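# Coordinates in review
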Amino acid sequence: MVSLLSIENVIGSIGRYGTTAPVTLGSVPLYGMEIPDVLTNGGQQGLEVHWLPGGTKIVDRLGNDPARFSWNARFTGPNALARAQLLSQMRDAGQPVSFTGPGINETVIIAEYAFDYSLKGAIIPYRIQLERQSTSVTSTSTSTSALSSLIGDDAASALSDVTSALSDGAQALSNISAQGQAVIGQVFPLANMVGAGSALASVSDKLTMVQGLSGAGINLASAPDNVASIVTGLKASGVNLMTTISQAGANISGISIQNGSSLSALTANAGLQSAAVDSGALVNRGYANTLTAGDSSESWQLVSAAA
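## Observations regarding the overall build of the protein chain
- From N to C terminus, the protein chain includes 8 helices and 8 strands.
- Considering the protein chain as a whole, with its 307 residues, one finds that 40% of them fall into the buried category.
- Carbon and sulfur atoms make up 54% of the accessible area of the protein chain, which totals about 15400 Å².

## Concerning the side chain of Thr24
- Note that Thr24 resides in strand β1 (residues 23–25).
- Polar contacts involving the side chain of Thr24 include one to the side chain of Thr100, which spans 2.4 Å.

## Let's talk about the sheet that holds strand β5 (residues 69–76)
- Spatial strand order, β2-β1-β6-β7-β8-β5: 6 strands in an open sheet with antiparallel pairing. Pairing within the sheet leaves two strands with one partner each, and these edge strands are β2 (28–30) and β5. Strand-to-strand twist in this sheet, taken as the mean axis angle between neighbours without regard to direction, amounts to 40°.
- Bridge count for strand β7 (residues 104–115) against strand β8 (residues 123–132) is 7 bridges, and the pairing is antiparallel. Across the sheet, the residue bridging to Ala114 is Arg127, located in β8.
- Each of β1, β2, β5, β6 (97–101), β7 and β8 touches helix α2 (residues 80–93); the most contacted strand, β7, lies at about 110° to it.

## As for the pairing of β6
- In terms of burial, β6 is largely enclosed, as 4 of its 5 residues are buried.
- The pairing of β1 with β6 spans 2 bridges and is classified as antiparallel. The partner of Leu25 across the bridge, within β6, is Phe99.
- With 5 bridges connecting them, β6 and β7 associate as antiparallel partners. Note on β7: the bridge partner recorded for Phe99 is Glu106.
- In this antiparallel pair of consecutive strands, β6 and β7, the connection spans 2 residues, and Gly103 shows a positive phi of 75°.

## Quick notes on unusual backbone geometry
- Located in the positive-phi region is Leu119, a residue other than glycine, with phi close to 50°.
- With respect to the helices and strands, the residue Leu119 is situated in the loop between β7 and β8.
- The phi dihedral of Lys120 falls on the positive side, at around 55°, and the residue is not glycine.
- Relative to the assigned elements, Lys120 resides in the loop between β7 and β8.
- When its relative accessible area of 80% is taken as the criterion, Lys120 is described as exposed.

## Examining the packing of aromatic side chains
- Enumeration over the complete set of coordinates arrives at 5 aromatic pairs.
- A ring pair is formed by Tyr113 and Phe115, whose centres lie 6.0 Å apart and whose planes are at 45°; its orientation type is tilted.
- Take Tyr113: its relative accessible area is 11%, and that puts it in the buried class.
- Among the aromatic residues, ring-to-ring pairing joins Phe75, Tyr113, Phe115 and Tyr126 into one connected group.

## Focus: the environment of Gln247
- The residue Gln247 is located in helix α7 (residues 224–254) in this model.
- Here the alpha-carbon distance between Gln247 and Leu272, two residues 25 residues apart in the chain, equals 9.6 Å.

## Structural notes on the pairing of β8
- Of the two faces of β8, the one holding Ile124, Tyr126, Ile128, Leu130 and Arg132 is buried and the one holding Ile123, Pro125, Arg127, Gln129 and Glu131 is not buried anywhere.
- In the sheet, β5 pairs with β8 via 8 bridges, with the strands oriented antiparallel. For Trp71, the partnering residue across the bridge sits in β8 and is Ile128.

Scoring rules and cut-offs
- Residues numbered from 1 in each chain as written.
- Predicted model: local features only at pLDDT ≥ 70, side-chain atom pairs only at ≥ 80, totals over all residues.
- Heavy atoms only, no water.
- Helix = DSSP H or I, 4+ residues; strand = E, 2+ residues; numbered from the N terminus.
- Buried < 20%, exposed > 50% of the residue type's maximum accessible area, 1.4 Å probe, protein only.
- Areas by Shrake-Rupley, 256 points an atom, 1.4 Å probe, with all protein chains shown as cover.
- Polar contact = N/O pair within 3.5 Å; in protein donor to acceptor, adjacent residues only side chain to side chain.
- Pairing = 2+ DSSP bridges.
- Axes fitted to C-alpha atoms, helices over the stretch in contact; angles between N-to-C directions.
- Contact = heavy atoms within 4.5 Å.
- Phe/Tyr/Trp six-rings, centres within 6.5 Å; stacked < 30°, edge-to-face > 60°.

Honestly, that's just the spatial picture; any functional story needs more than this.
Here's what the structure looks like:
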């Protein structure tokens, strides 16, 4: 049986096909009114000032102290309370989680979080503060290694999205099969996409290779063979992600919601397309960084949301 959370995630996924920079906190994607209208990104430089006789002062730099991310927003709809409680559980755990958004990809800890139950749970205003990890200064001699690490992080995130989509799609197919074989014919390409030889399975293989080659500590500038292999892997991933976006989009257009079976099919396809679009953004960024490390002027756009 399809849960309200699944339905809401489908609606959210369909509503953000055109973006490649969703806002996520840990495993929770934020949609619509849940996303802050304004998000300040800044901080301060820790300084220790010593005054000497005669007005001279010595300034010791203690390092970067990034300010907390903080905002107020609201959960809405029949599943508002459940989603608000997900963030509450993350705050209780106190574990570092990822926070991603336009121009943001950081590890944070939920320092403060509270929500208000209102209008019988239809609207849940919430307030949150995220403590950011400080960043250390790195020398210019390690810049290409830093790029390697970023490519590896992107590949790992994209691989996680793809793996999750495969799992979710397989579960949805199981639900469909249990409720009526007629729906399988309606979304037959979906069965291929979650099979061993599917486009997403190929993406998974290629991203695993990219992630291994671009591990921290590998200087891409001194390893041209690695650059070539990473470029090949990312290009193959981009082609198959575009195939997935196109196939899932065609399935969504052809599905008529008449019962629980067809809703399960729509959920699976929306999840696949959303994961492919999100992973495509990471593949694009990793590809651009690879070209930068290899000093190439080649076009870096591999995956677009429009397919």
